[in-house]
Amino acid sequence: MKTDITGDRVTLAEIAEETGSSLSTISKVLNGRADVSKATRERIEHALHERGYVRRGAGRSESRPELLELVFHGLDSIWSMELIGGVEAVAKEHGLSVVLTVSGDRHAPDPDWIDGVIRRRPVGVVLVFSELSPEYRERLRARGISFVIVDPAGDPSPDVPSVGSANWSGGLAATRHLIELGHRRIATITGPEDMMCSLARLDGFRSAMNSAGLPVDPAWVRFGTFEIAGGRDRARELLALPAERRPTAIFAGSDMQALGTLDAAREAGLAVPHDLSIVGYDDISLAPWVSPPLTTVHQPLRRMGEEAARLAIRLSGEQPAATPRMDLATNLVVRESTAPPAA
């Protein structure tokens, strides 16, 4: 990739010559205008990428909207409100407004999102996804729009600025707590099998069990959805096992799944924690108020939102030598949903 470009005017003129396009057409592509053919757009985008073009003076200015964009795939999880609060607090400190966008699935935003964000030209973008495609990264970088993935649900590429949390350590701490209480038949309901955080929490669970010399029955490992319904369904399966194989404790990979597990336990006529101990993950605002109050792994969601927003704002004015990556610590919060197993 060439990087010997000395200024905007020269760069755009060179790209115009290379692509056989006018400067006005290149400007339309840079600003996300729709009135450019697909073939022309792709040719110009390729040239921008190959020449390593980055729009000069693309940080905050009087001509640029004072916006910070926050992008989710959905707002149906309680923890999303914690992230929103963190991003909004930091945006306010810097005189920015927050644009909230819902797009795509848990892995990446929809294709039409990238054109919209280019038109909006925010100072930076915070994305709650597992990944951002190389094409999207290059298009944002070419326009000087910084981006950060705040990621409680995956493991971004090493060249993507990101803020995450210690998922393996959280799974380890949750399981060790149950082992220390005396449980030996411990099951886990982690998240979707194609998400790195699900696998990291599961690895933490396995490590704790192996370190204690405890077997892990394959029937005790279930993949859920991180939502209440998924937790309820998987817990029903676990609690339907024969008495000698039925777990006395369940580590649910999210608080929402833990709520579903509580519901399944009530359906089965089991008292929590006397008959079944339950540990969640996230420490959502509802966790202390359910009955019984939920023992859970605290994931610093609000601070993750704050740090991601700070990083996006900082990156809008600089190009760091290394890609920033921040992993925040988790900690176990013990409440009343766990106890020693019944004799």
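What counts and how
Residues numbered from 1 in each chain as written. Predicted model: local features only at pLDDT ≥ 70, side-chain atom pairs only at ≥ 80, totals over all residues. Heavy atoms only, no water. Pairing = 2+ DSSP bridges. Helix = DSSP H or I, 4+ residues; strand = E, 2+ residues; numbered from the N terminus. Axes fitted to C-alpha atoms, helices over the stretch in contact; angles between N-to-C directions. Contact = heavy atoms within 4.5 Å. Buried < 20%, exposed > 50% of the residue type's maximum accessible area, 1.4 Å probe, protein only. Parallel < 35°, antiparallel > 145°, perpendicular 65-115°, else oblique. Nonpolar A, V, L, I, M, F, W, Y, C, P; charged D, E, K, R; others polar. Core = buried A, V, L, I, M, F, W, Y, C linked by side-chain atoms within 4.5 Å. Patch = residues over 30% accessible without salt bridge, like charges linked within 9 Å, V, L, I, M, F, W, Y side chains within 5 Å. Areas by Shrake-Rupley, 256 points an atom, 1.4 Å probe, with all protein chains shown as cover. Salt bridge = Lys/Arg side-chain N within 4 Å of Asp/Glu carboxyl O. Expected span 1.5 Å × (residues − 1). Arc of directions from axis to C-beta.

**Section: the sheet that holds strand 5 (residues 162–165)**
Backbone-to-backbone hydrogen bonds join strands into a sheet, with any given pair of strands oriented parallel or antiparallel.
Moving on, step 1. The six strands are arranged 2-1-3-4-5-11 in an open sheet whose pairing can be described as parallel. Whereas interior strands pair on both sides, the edge strands pair on one side only; in this sheet they are strand 2 (97–102) and strand 11 (325–328). Neighbour-to-neighbour, the strand axes of this sheet turn through a mean angle of 20°, independent of strand direction.
Moving on, step 2. Across the sheet, helix 4 (residues 79–93) is in contact with strand 1 (67–72), strand 2, strand 3 (124–127) and strand 4 (146–150); its angle to strand 1 comes to roughly 170°.

**Concerning unusual backbone geometry**
Moving on, step 1. The omega torsion of the bond from V272 to P273 falls at 10°, within 30 degrees of zero and hence cis.
Moving on, step 2. For F226, which is not a glycine, the phi torsion comes out positive at approximately 70°.
Moving on, step 3. Residue position: F226 is located in the loop between strand 7 (221–223) and helix 9 (228–239).
Moving on, step 4. Backbone geometry places D283, a non-glycine residue, at a positive phi of 60°.
Moving on, step 5. Here D283 falls in the buried class, since its relative accessible area comes to 17%.

**Focus: the packing of helix 5 (residues 111–120) against helix 6 (residues 134–142)**
Moving on, step 1. Packing of helix 5 against helix 6 brings their axes to within 11 Å, and their N-to-C directions diverge by 5°. With respect to their mutual orientation, helix 5 and helix 6 come out roughly parallel. Side by side, helix 5 and helix 6 meet where P111, W113, I114, D115, V117 and I118 of the first sit next to Y136, R139 and L140 of the second.
Moving on, step 2. Class assignment of the residues belonging to the contact of helix 5 with helix 6 gives a composition of seven nonpolar, no polar and two charged.

**Structural notes on the nonpolar core**
Moving on, step 1. Grouped together as the largest cluster of nonpolar side chains are 49 residues, with contacts concentrated most on L68 and L83.
Moving on, step 2. Elements represented by at least two residues in this core include exactly strand 1, helix 4, strand 4, strand 6 (186–190), helix 9, strand 8 (249–252), helix 10 (255–267) and helix 11 (301–315).
Moving on, step 3. Here this core takes eight residues from helix 11, the largest share from any one element.
Moving on, step 4. Among residues more than four places away in sequence, those in contact with L68 are V87, A91, L96, S97, V98, V99, G124, V125, A309, A312 and I313.
Moving on, step 5. Residues L178, L202, M209 and Y281 belong to the second largest nonpolar core, which totals 16 residues.

**Some points on a nonpolar patch on the surface**
Moving on, step 1. A cluster of nonpolar side chains, namely L75, L100 and V102, defines an oily patch on the protein surface of about 240 Å² accessible area.
Moving on, step 2. Relative to the helices and strands, V102 resides in strand 2.

**Describing the sheet that holds strand 10 (residues 295–298)**
Moving on, step 1. The mixed open sheet is built from six strands, whose spatial order is 7-6-8-9-10-12. Both outer strands of the open sheet, strand 7 and strand 12 (331–333), are each paired with one neighbouring strand and no more. Averaged over neighbouring strand pairs, the angle between their axes works out to 20° when direction is ignored.
Moving on, step 2. Bridge analysis of strand 8 against strand 9 (residues 277–282) gives three bridges, and the strand direction is parallel. Note on strand 9: the bridge partner recorded for A249 is S277.
Moving on, step 3. Docked against the sheet, helix 7 (residues 167–180) engages strand 6, strand 8, strand 9, strand 10 and strand 12, running at close to 165° with respect to strand 9.
Moving on, step 4. The strands touched by helix 8 (residues 196–211) within the sheet are strand 6, strand 7, strand 8 and strand 9, with strand 6 carrying the most contacts at an inclination of about 170°.

**Side note on helix 9**
Moving on, step 1. The end-to-end C-alpha separation of helix 9 is 16 Å, in line with the 16 Å expected for 12 residues at 1.5 Å each.
Moving on, step 2. Taken together, the buried positions of helix 9 are G230, G231, A235, L238 and L239. With its buried residues spanning 155° around the axis, helix 9 presents them on a single face.
Moving on, step 3. Buried-residue contacts for helix 9 involve strand 6, strand 7, strand 8 and helix 10.

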